[in-house]
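Chain and residue survey
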Amino acid sequence: MTKPSAFFDLQQAFQEAGCPFCRLLNRTADQYIDGVLWELVNDPDIRQELSRSRGYCPRHAWLLVRHGASLGAAILMEEVITTLLDLLAQARFDPPPPAGLGRLFGQRQTGGGDALADELSPQTDCPVCALTRTTEARYIRALLDHLPELLPYYQNSHGLCLPHFRQVLRQTQDPTTFNHLRRAQQAAWKRLQHHLREFIRKNDHNVREPFGVEGDSWLRAIEAIAGARPPRGV
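Before going into details, it helps to say that this report is about the structure given with it.

Definitions and cut-offs
- Residues numbered from 1 in each chain as written.
- Predicted model: local features only at pLDDT ≥ 70, side-chain atom pairs only at ≥ 80, totals over all residues.
- Heavy atoms only, no water.
- Buried < 20%, exposed > 50% of the residue type's maximum accessible area, 1.4 Å probe, protein only.
- Axes fitted to C-alpha atoms, helices over the stretch in contact; angles between N-to-C directions.
- Helix = DSSP H or I, 4+ residues; strand = E, 2+ residues; numbered from the N terminus.
- Parallel < 35°, antiparallel > 145°, perpendicular 65-115°, else oblique.
- Left-handed = near helix turned anticlockwise from the far one by under 90°.
- Contact = heavy atoms within 4.5 Å.
- Nonpolar A, V, L, I, M, F, W, Y, C, P; charged D, E, K, R; others polar.
- Phe/Tyr/Trp six-rings, centres within 6.5 Å; stacked < 30°, edge-to-face > 60°.
- Salt bridge = Lys/Arg side-chain N within 4 Å of Asp/Glu carboxyl O.
- Core = buried A, V, L, I, M, F, W, Y, C linked by side-chain atoms within 4.5 Å.
- Expected span 1.5 Å × (residues − 1).
- Lys, Arg positive; Asp, Glu negative; His and termini not counted.

It is worth spelling out unusual backbone geometry at this point. Even without being glycine, R54 reaches a positive phi, approximately 55 degrees. Relative accessible area serves as the criterion here: at 18%, R54 is assigned to the buried category.

Okay, the packing of helix α3 (residues 44-52) against helix α5 (residues 70-90) next. Following both chains from N to C, one finds α3 and α5 inclined at 50 degrees, their axes separated by 9 Å at the closest point. One way to sum up the angle between α3 and α5 is to call them oblique. As for the relative orientation of α3 and α5, their crossing is right-handed in sense. Each of R47, L50 and S51 in α3 lies in contact with α5, whose residues at this interface are I75, L76, M77, E79, V80 and T83. Looking at the contact of α3 with α5, its residues break down into five nonpolar, two polar and two charged.

Okay, the packing of aromatic side chains next. Counted under the stated rule, the structure contains four aromatic pairs. Aromatic pair F14 and Y154: ring centres 5.1 Å apart, planes at 20 degrees, arrangement stacked. Placement of the pair is F14 in the loop between α1 (5-13) and α2 (20-40) and Y154 in helix α9 (residues 147-155), with a sequence separation of 140 residues. The interplanar angle of 80 degrees and the centroid separation of 5.8 Å between the aromatic rings of F165 and W189 together place this pair among those described as edge-to-face. Residue F165 is located in helix α10 (residues 162-170), and its partner W189 is located in helix α11 (residues 175-202); the two are separated by 24 residues in the primary sequence.

To continue, consider the pattern of salt bridges. Tallying each qualifying case throughout the model produces eleven salt bridges. Ionic pairing is found between D9 and R27, a salt bridge with its closest N-O pair at 3.6 Å. Remark: R27 occurs in helix α2 and D9 occurs in helix α1; sequence separation between them is 18 residues. Beyond isolated ion pairs, a larger network of salt bridges with shared partners links D30, D34 and R66.

A separate point is the side chain of Q185. Mapped onto the secondary structure, Q185 falls in helix α11. Here Q185 is in contact with Y154, G159, L160 and F165, once residues within four sequence places are set aside.

So, on to the nonpolar core. The biggest cluster of nonpolar side chains holds 26 residues, and the ones touching the most others in it are L10, F21, L143, Y154, L160, V168 and L181. Those elements that provide at least two residues to this core are α1, α2, α8 (127-145), α9, α10 and α11. In terms of residues, this core owes the most to one element, α8, which gives five residues. Discounting chain neighbours no more than four positions away, the residues touching Y154 are F14, L143, L147, G159, L160, F165, L181, A184 and Q185. One finds L37, I46, L50 and L76 within the second-largest nonpolar core, a separate group that totals 19 residues.

Spacing of three or four residues puts side chains on the same side of an α-helix, whose turn is 3.6 residues. If you check α8, its first and last C-alpha atoms are 27 Å apart, about what 19 residues at 1.5 Å a residue would give, namely 27 Å. Along α8, the residues classified as buried are P127, V128, C129, T132, T135, E136, Y139, I140, A142, L143 and L144.

So, about the side chain of R54. Positionally, R54 belongs in the loop between α3 and α4 (58-61). For the buried R54, which has no salt bridge, the nearest side chain bearing the opposite charge is E119, at an N-O separation of 4.3 Å. Ignoring any residue separated from it by four or fewer positions in sequence, one finds R54 in contact with V80, T83, L84, L87, E119, L120, S121, P122 and Q123.

This part covers α2. Its 21 residues give α2 an end-to-end C-alpha distance of 28 Å, which sits within 8% of 30 Å, the value for a rise of 1.5 Å per residue. Among the residues making up α2, those that are buried are P20, F21, C22, L24, L25, N26, T28, A29, Y32, I33, V36 and L37. Those residues of α2 that are buried lie in contact with α1, α3, α4, α5, α8 and α10.

Okay, structure coming up:
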């Protein structure tokens, strides 16, 4: 069976620190923004898509901040600002119904700016979010399809973060795969638990031992529970 590129990506990512899915998806997002800034900043389809999504989401917008990219970022953001100004120019106040009438029928109280607020909201997904969701599904499928070969790497890794582990579990179809995943993740979390307990112990003022691998365990625990920190521009 020919292995997809996602298999080799996971094989490598399991050997590095942190959740392999988070690492790979952050890389995907970074490469996408890089491609837009350096090659596609004047592409009309890219700019129209960005206008419809009302810019990138908060998680991905700050990836635009990177050395030498200020002009590209300005061109992209000017397109979005122009769209927003056009919407403001066309907007009209829409008087809400009397408060008592809405409550009578159990309706949410609305404001006169609701229609404009809706227009200013994203009309499509953030392009980077849409791409990473597709990529994420591909990596989940690759892990489940090739788990026997990836299992040794998983067992010796930091494991998946909790959000990604939940996603993988929801697509698991057989008990053997379920048990392999459970045990591999259990091993990763037990190692982390041990490091956290050592970190806590060594913070006791009566203990005179230097910190070792447990020194960053508190940071690894945050990532293990919440996922990798949002990517930043470089």
